[in-house]
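Residues per chain are reported as follows:
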Amino acid sequence: CFCLYQRTMLRVVLWVTLAFTSVSAFLPNAQLKVSGFSSPRFSTSCQQSGRPGSLRSPAAGVRMGEEIYDKKNIEHIFAANKKWAQAMTKSDKDYFTKQSGGQYPKYLWIGCADARVPANEIVGLQPGEIYVTRNVANLVVNTDFNMMSVIQFAVEFLEVEHIIVCGHYKCGGVAAGLDLMDHTSPLENWIRNIRDTVRLHKDELLAIKDIAARQRRLVEINVREQCINLYKTAVVQRRRAFTHVRDGFAYPRIHGVTYDPADGELKLLQWNAQETLGPLQPVYTIYDPVKDMEGYDGEPYEKRSGTLFNKPLYNRRPL
């Protein structure tokens, strides 16, 4: 009799669980809590994936909501967005009026697409204060039209004063560059850029026996190489030459930093740009601010013909 009772109770529990799961599937926005019981479908999946149970806005400093994550839709995202917008308006009633007036960032951030490295949050800046582009392993590739377009817009039109290349430790893209395996196209094509960096610094990297330490060092080397790639681009050289002649100070300034998810801190990489770039100048330098200064007579740039730029500032080149 006792065994029969156990089997009966087990069937009841299974039927109740099945019915509860079925109802929750048709009511994705419902709060899946009954008498203090939290749905294991939510808590277990979040713990396993590392996904937080609720969304937070560091800018607003408020809890974004108790909406339950559901695999079938993203309605909880819209609910969280509404709460965020309300919180921002409450803290500053003109917040979105100011946002609609345009963006005037002083920084271009080139970072990794890793979800743990959100630019605004880790540097404490509001929307509109930093222009951001991200990809796998924070690469500056001259055939990447998206990256080149972002750089041109940031440098020539937004006139950013600083470009920050941010790598991060525990980067899967960088680690993949050390793995001798095919990640399949197009990812493998992209990772090949990391392998090229490994080739350039093979002796230093292979001398590091600890794999984790080798990966950390490659993160730093990769950031430096992407900074060098920025110096190679014509649009950056043109802007730096123009500002050097006009103001006596070349910008945008280029900074390489790393972020550590383990403690949330940024580290500025120390490297001698002049020493590194000096041997490369005969190959890559197409705008020379020093030579431009020799012919400076108050108007260092002549108008470029055959272009469609509206502002004269962007339609000029060194004499």
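Residues numbered from 1 in each chain as written. Predicted model: local features only at pLDDT ≥ 70, side-chain atom pairs only at ≥ 80, totals over all residues. Heavy atoms only, no water.

Novice: Mind showing me how you'd approach the overall build of the protein chain here?
Specialist: If you tally the helices and strands in the protein chain, you get 14 helices and 11 strands. By residue count, 35% of the 319 residues in the protein chain fall in the buried class. Summarising the internal contacts of the protein chain: among those between residues at least 6 apart in sequence, 59% fall at separations of at least 24. Counting every atom, the protein chain has about 19,600 Å² of accessible surface; 57% of that belongs to carbon and sulfur. (Helix = DSSP H or I, 4+ residues; strand = E, 2+ residues; numbered from the N terminus. Buried < 20%, exposed > 50% of the residue type's maximum accessible area, 1.4 Å probe, protein only. Contact = heavy atoms within 4.5 Å. Areas by Shrake-Rupley, 256 points an atom, 1.4 Å probe, with all protein chains shown as cover.)

Novice: What exactly am I supposed to notice about the pairing of strand 8 (residues 253-260) here?
Specialist: Taken residue by residue, a regular strand's side chains alternate between the two faces of the sheet. Buried residues dominate strand 8, accounting for 6 of its 8 residues. Sheet topology note: the strand 7 (residues 162-168)/strand 8 ladder contains 7 bridges and is parallel. Bridge pairing links histidine 168 to tyrosine 259 in strand 8. As paired elements, strand 8 and strand 9 (residues 265-268) share 4 bridges and run antiparallel to each other. Residue pairing for strand 9: tyrosine 259 is matched across the bridge by leucine 266. Between strand 8 and strand 9, which pair antiparallel one after the other, the connecting turn spans 4 residues, and glycine 264 there sits at a positive phi close to 75°. (Pairing = 2+ DSSP bridges.)

Novice: What should I look at first to understand the sheet that holds strand 6 (residues 130-135) in this one?
Specialist: Hydrogen bonding along the main chain pairs the strands of a sheet, whether they run parallel or antiparallel. Ordered by their spatial adjacency, 5 strands build an open sheet running 6-5-7-8-9, and the pairing between neighbours is mixed. The sheet is open, and its two edges are formed by strand 6 and strand 9, each paired on a single side. Across this sheet, the average inter-strand angle for adjacent strands is 25°, counted without regard to direction. (Axes fitted to C-alpha atoms, helices over the stretch in contact; angles between N-to-C directions.)

Novice: What is the right way to look at the confidence of the model for the protein chain in this model?
Specialist: Of the residues in the protein chain, 69% reach a pLDDT of 70 or more, and the chain-wide mean stands at 79. Taken as a whole, residues 21-65 scores under 50 in pLDDT and shows 54 contacts with residues more than four places along the chain or in a different chain. (pLDDT = per-residue confidence, 0-100.)

Novice: Explain unusual backbone geometry here, please?
Specialist: For residues besides glycine, phi is generally negative; the peptide bonds are generally trans as well. The residue after serine 185, namely proline 186, is reached through a cis peptide bond having omega 5°. Locating proline 186 in the fold gives a position in the loop between helix 7 (172-176) and helix 8 (187-200). Of note, the amide linkage connecting tyrosine 251 to proline 252 takes the cis form, showing an omega dihedral of 15°. Among the structural elements, proline 252 can be located in the loop between helix 11 (234-247) and strand 8.

Novice: Sorry if this is basic, but what is going on with helix 11 here?
Specialist: The α-helix winds at 3.6 residues per turn, so residues separated by three or four positions along the chain end up facing the same way. If you check helix 11, its first and last C-alpha atoms are 19 Å apart, about what 14 residues at 1.5 Å a residue would give, namely 20 Å. When you tally the buried positions in helix 11, you get 10 out of 14 residues, the bulk of the element. Within helix 11, burial applies to Val235, Val236, Gln237, Arg238, Arg239, Arg240, Ala241, Phe242, Thr243 and Val245. (Expected span 1.5 Å × (residues − 1).)

Novice: Would you mind showing me how to read the packing of helix 6 (residues 145-157) against helix 11 here?
Specialist: When two helices pack together, their arrangement is given by the angle between the helix axes and the distance between those axes. The N-to-C vectors of helix 6 and helix 11 enclose an angle of 10°; their axes lie 9 Å apart at closest approach. Here helix 6 lies roughly parallel to helix 11, going by the angle between them. Residues Ile151, Gln152, Val155 and Glu156 of helix 6 lie in contact with helix 11, whose contacting residues are Val235, Val236, Arg238 and Arg239. Per-class residue counts for the contact of helix 6 with helix 11 are 4 nonpolar, 1 polar and 3 charged. (Parallel < 35°, antiparallel > 145°, perpendicular 65-115°, else oblique. Nonpolar A, V, L, I, M, F, W, Y, C, P; charged D, E, K, R; others polar.)

Novice: How should I be thinking about the side chain of histidine 168 in this particular structure?
Specialist: Checked against the element boundaries, histidine 168 lands in strand 7. Residue classification places histidine 168 among the buried residues on the basis of a relative accessible area of 1%. Setting aside anything within four residues of it in sequence, one finds histidine 168 in contact with Cys112, Asp114, Arg116, Val117, Val219, Tyr259 and Pro261.

Novice: Help me out: how do you make sense of the pattern of salt bridges in this one?
Specialist: For side chains of opposite charge, pairing can occur when their charged atoms come near one another. Summed over all chains, the structure comprises 11 salt bridges. The partner of glutamate 188 in a salt bridge is arginine 195, with the nearest N and O atoms 3.0 Å apart. Each member of the pair, glutamate 188 as well as arginine 195, is classed as buried. Notably, a salt bridge pairs glutamate 220 with arginine 217, separated by 3.0 Å at the nearest N-O pair. One end of the pair is glutamate 220 and the other is arginine 217, both in helix 10 (residues 211-232) and 3 residues apart, which spans about a single turn. The network of salt bridges with common partners includes Glu204, Arg217, Glu220 and Lys267. (Salt bridge = Lys/Arg side-chain N within 4 Å of Asp/Glu carboxyl O.)

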